Amino acid sequence: MTAQQAQLASVMDWLEYSGRRLGLDSQLLLRLQLVAEELFLNTVQHGHPRDPDIELGLSAGNGEVLLTYADHGPAFDPGRHAKCPDPEHDGIGLMLIRQLPDRMDYRRQDGQNLISLRFTACAQGRISTP
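If you're wondering where the values come from, they're calculated on a predicted model, not measured in any experiment.

*Asks:* Got a minute to help me understand unusual backbone geometry in this structure?
*Replies:* Phi is mostly negative for residues that are not glycine, and the peptide bonds are mostly trans. The phi dihedral of N62 is positive, around 50 degrees, even though this residue is not glycine. For N62, the position within the fold is in the loop between β1 (54-61) and β2 (64-71). A relative accessible area of 80% means that N62 is categorised as exposed. A positive phi angle, near 50 degrees, is found at D110, a position not held by glycine. As for its placement among the helices and strands, D110 is situated in the loop between β3 (103-109) and β4 (112-120).

Put into structure tokens, the structure is as follows:
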């Protein structure tokens, strides 16, 4: 197993554990994991292939779940990238990142890509990576 595969497995485990603690249903948890996996893969493939430095946050309240994702890769707004995925040349992951959340916001701050993804749900609480 490569270092990136181990890190991705750790991200998926953390999301599952955190989502269960927040009381999220398995369908929403799967959506969160798919989006996080695609964001991570984009970071590895296009940003920091050797050492993907990412930060995740997960919170829930007022009928929504917020997944935050940050990386130190080159500036990249997944919401403004090509809108038509080409299965022959990737793009399916970007389509999932845009379509699975109910809302996505991007900003570049202090050399980081900061992505906020909001999902409709019924859970309360907040969990962040150390």
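Continuing now.
*Asks:* What am I meant to see in the nonpolar core here?
*Replies:* Generally speaking, nonpolar side chains in soluble globular proteins are found buried as a group. In terms of nonpolar packing, the biggest core is built from 29 residues, with L32, L58, V65, L67, L117 and F119 touching the most fellow members. Only α1 (3-21), α2 (26-47), β1, β2, α3 (92-99) and β4 provide two or more residues apiece to this core. Tallying contributions element by element places α2 first for this core, with 8 residues. Each residue touching L117, except ones within four places of it in the same chain, is listed here: V35, L39, V65, L66, L67, I97, P101, R103 and M104.

*Asks:* Would you mind going over the pattern of salt bridges with me for this structure?
*Replies:* Any two side chains of opposite charge can pair, given that their charged atoms come close. Tallied over the full model, the rule gives 2 salt bridges. Of the charged contacts, one joins R103 and D105 as a salt bridge, the two residues approaching to 3.1 Å between their closest N and O atoms. The class for R103 is partly exposed, based on a relative accessible area of 47%. Look at D105 and you get partly exposed, because its relative accessible area is 28%.

Here is what the cut-offs are and how they apply
Residues numbered from 1 in each chain as written. Predicted model: local features only at pLDDT ≥ 70, side-chain atom pairs only at ≥ 80, totals over all residues. Heavy atoms only, no water. Helix = DSSP H or I, 4+ residues; strand = E, 2+ residues; numbered from the N terminus. Buried < 20%, exposed > 50% of the residue type's maximum accessible area, 1.4 Å probe, protein only. Core = buried A, V, L, I, M, F, W, Y, C linked by side-chain atoms within 4.5 Å. Contact = heavy atoms within 4.5 Å. Salt bridge = Lys/Arg side-chain N within 4 Å of Asp/Glu carboxyl O.

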